[in-house]
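# Residue-level structure breakdown
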Amino acid sequence: MIQETGRNAPSREVLEKIFRTAWKIRVFETEGIKLYRQGLIRGYFHPYLGQEGIATGVCAGLKEGDYIASTHRGHGHCIAWGADVKKMVAELLQKETGYCKGYGGSMHIADISVGNLGANGIVGAGIPLGVGAALANQIRGSDAVTVTFTSDGASNNGTFMESLNLAAIWDLNFILVIENNQYAVSTSIGESTRETDLYKRGTAIGVESHLVDGNDPVAVYELTRQAAETCRKGKGPVLIEARTYRHMGHHVNDPGKYMPEDKLAYYKARDPVDRARAAFRDMGVATEAEIAAIEAEVSKEFEDAVAFSMASGEVTPAQFREFAVGY
């Protein structure tokens, strides 16, 4: 069964944070696509549109000192973890003021200083990185929790079960979040595995496992808080399958014709950003004026980030060679 959110509302502060974060991701991705279309972002761009409720809810349920590991569709994770939008846009535009000085681009943003182990262009590669961080924290005697975001496509990779099994054997403070958007590029989950309830893979090896509505950011937040508490009590790891649906193809140039129109309409009617806004308004008793002010503030933040990035210097071949040798 999908775990539904309890109606004991989180604090108003948390509800505002959830809405602000979800809206910030939506603006970043929507406006980022425009920058890509203008030829300002090179390489691939994998939008997080439609999945905002997962990153938002998970990161709101963690605390300072915890860790996250991301995926190739990682902008939402970085933003939800508190990334500076200026440095993110600069990274996408290959500017020297970006998080990785423009070398990482869209799929490799990282900030180790705050526990963001980074996005990753290799499907499933963030899982062993997260388990490694969780093991390191256990050795240090830290109660920090590490979350790795992964995908339904990655769940069929060997590293998925290998890493989760090690986390279980060692009782690590590790949460594996499957963002099940139901497609590995254009291959539907039903075409790649017989058992489409992916959380059951954790149950099979003795890991506490849950299925949650990934389009309900409050439910994701509540479940993540519970999972983190379980881990800090030494009873980890925990597996969470957050079921969702992206609003478009796998990347900007994928028209997504394989996505049934009725199913897409079903999930768009349950838009996670709309639900975050409604939760803030209804449970947080926010006024329409307060909501509009947050939306305007976030939009201005992105505009400022673009201006900052456009004024920043581009990475030169000489700088890249120096970086590569030094690294």
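The structure we're discussing is the one just above.
Residues numbered from 1 in each chain as written. Predicted model: local features only at pLDDT ≥ 70, side-chain atom pairs only at ≥ 80, totals over all residues. Heavy atoms only, no water.

### Structural notes on the packing of helix H2 (residues 52-60) against helix H9 (residues 217-232)
With their axes 7 Å apart at the nearest point, H2 and H9 run at an angle of 35 degrees to one another. Pair H2 / H9 crosses with right-handed handedness. For the pair formed by H2 and H9, the contact residues are Gly53, Ile54, Gly57, Val58 and Ala60 on the first element and Pro217, Val220, Tyr221 and Thr224 on the second. (Axes fitted to C-alpha atoms, helices over the stretch in contact; angles between N-to-C directions. Helix = DSSP H or I, 4+ residues; strand = E, 2+ residues; numbered from the N terminus. Left-handed = near helix turned anticlockwise from the far one by under 90°. Contact = heavy atoms within 4.5 Å.)

### Things to note about unusual backbone geometry
At the junction of Gly236 and Pro237, the peptide bond is cis and its omega measures out at 0 degrees in the coordinates. In this structure, Gln94 is a non-glycine residue whose phi angle is positive, near 60 degrees. Position of Gln94 relative to the elements: it lies in the loop between helix H4 (85-92) and helix H5 (126-140). For Lys101, which is not a glycine, the phi torsion comes out positive at approximately 60 degrees. In this structure, Lys101 sits in the loop between H4 and H5. Relative accessible area serves as the criterion here: at 47%, Lys101 is assigned to the partly exposed category. (Buried < 20%, exposed > 50% of the residue type's maximum accessible area, 1.4 Å probe, protein only.)

### A short note on the packing of aromatic side chains
Per the stated rule, a full pass over the model turns up seven aromatic pairs. Judged by centre distance (5.1 Å) and plane angle (80 degrees), the rings of Tyr266 and Tyr267 are edge-to-face. Owing to a relative accessible area of 12%, Tyr267 belongs among the buried residues under this scheme. An aromatic cluster is present here, built from Tyr183, Tyr245, Tyr258, Tyr266 and Tyr267 joined pairwise through their rings. (Phe/Tyr/Trp six-rings, centres within 6.5 Å; stacked < 30°, edge-to-face > 60°.)

### Points about the pattern of salt bridges
Applying the stated criterion across every chain, the model contains 22 salt bridges. We note a salt bridge from Glu16 to Arg12, for which the minimum N-O separation is 4.0 Å. A residue pair is termed a helical-turn pair when its members lie 3 or 4 positions apart in one helix, as Glu16 and Arg12 do in helix H1 (residues 12-37) at four residues. Take Glu16: its relative accessible area is 25%, and that puts it in the partly exposed class. The class of Arg12 is partly exposed, set by a relative accessible area of 33%. In this structure, the salt-bridge partner of Arg20 is Glu297, at a minimum N-O distance of 3.1 Å. In this pair, Arg20 sits in helix H1 while Glu297 sits in helix H12 (residues 288-310), placing the two residues 277 residues apart along the sequence. With a relative accessible area of 22%, Arg20 lands in the partly exposed category. In this structure Glu297 comes out as partly exposed when scored by relative accessible area, which is 47%. (Salt bridge = Lys/Arg side-chain N within 4 Å of Asp/Glu carboxyl O.)

### Some words on H5
The terminal C-alpha atoms of H5, which comprises 15 residues, lie 21 Å apart, in line with the 21 Å expected from a rise of 1.5 Å per residue. Considered for burial, the residues of H5 that qualify are Gly126, Ile127, Gly130, Val131, Ala133, Ala134 and Asn137. Burial along H5 is one-sided: seen end-on, the buried residues are contained in an arc of 160 degrees. Exposed and oriented more than 90 degrees from the buried face of H5 are Ile139 and Arg140. Residues of H5 that are buried make contact with strand E2 (67-69), strand E3 (146-151), helix H6 (158-169) and strand E4 (174-180). At the exit of H5 stands Gly141, carrying a positive phi of roughly 80 degrees. (Expected span 1.5 Å × (residues − 1). Arc of directions from axis to C-beta.)

### Some points on the pairing of E4
With seven of seven residues buried, E4 lies mostly within the body of the structure. The alternating pattern of E4 places Phe174, Leu176, Ile178 and Asn180 and Ile175, Val177 and Glu179 on opposite faces, both of which are buried. The sheet contact formed by E3 and E4 spans six bridges and is parallel. Across the sheet, the residue bridging to Ser151 is Glu179, located in E4. For the crossover that starts at E3, traverses H6 and ends in the parallel E4, the hand is right-handed. Pairing analysis gives six bridges linking E4 to strand E8 (residues 238-243), with the strands arranged parallel. The residue of E8 that forms the bridge with Ile178 is Glu241. (Pairing = 2+ DSSP bridges. Right-handed = clockwise from strand over helix to strand, strands pointing away.)

### Here's the deal with the nonpolar core
Core analysis: the biggest nonpolar cluster contains 66 residues, and Val89, Val147 and Ile175 have the highest contact counts within it. By residue number, the principal contributor to this core is H1, which donates twelve residues. Once you skip the residues sitting within four places of it in the chain, Val89 turns out to touch Phe28, Leu35, Phe302, Ala305, Val306 and Ser309. Ranked by size, the runner-up nonpolar core spans 15 residues in total, among them Ile127, Ala168, Leu176 and Val207. (Core = buried A, V, L, I, M, F, W, Y, C linked by side-chain atoms within 4.5 Å.)

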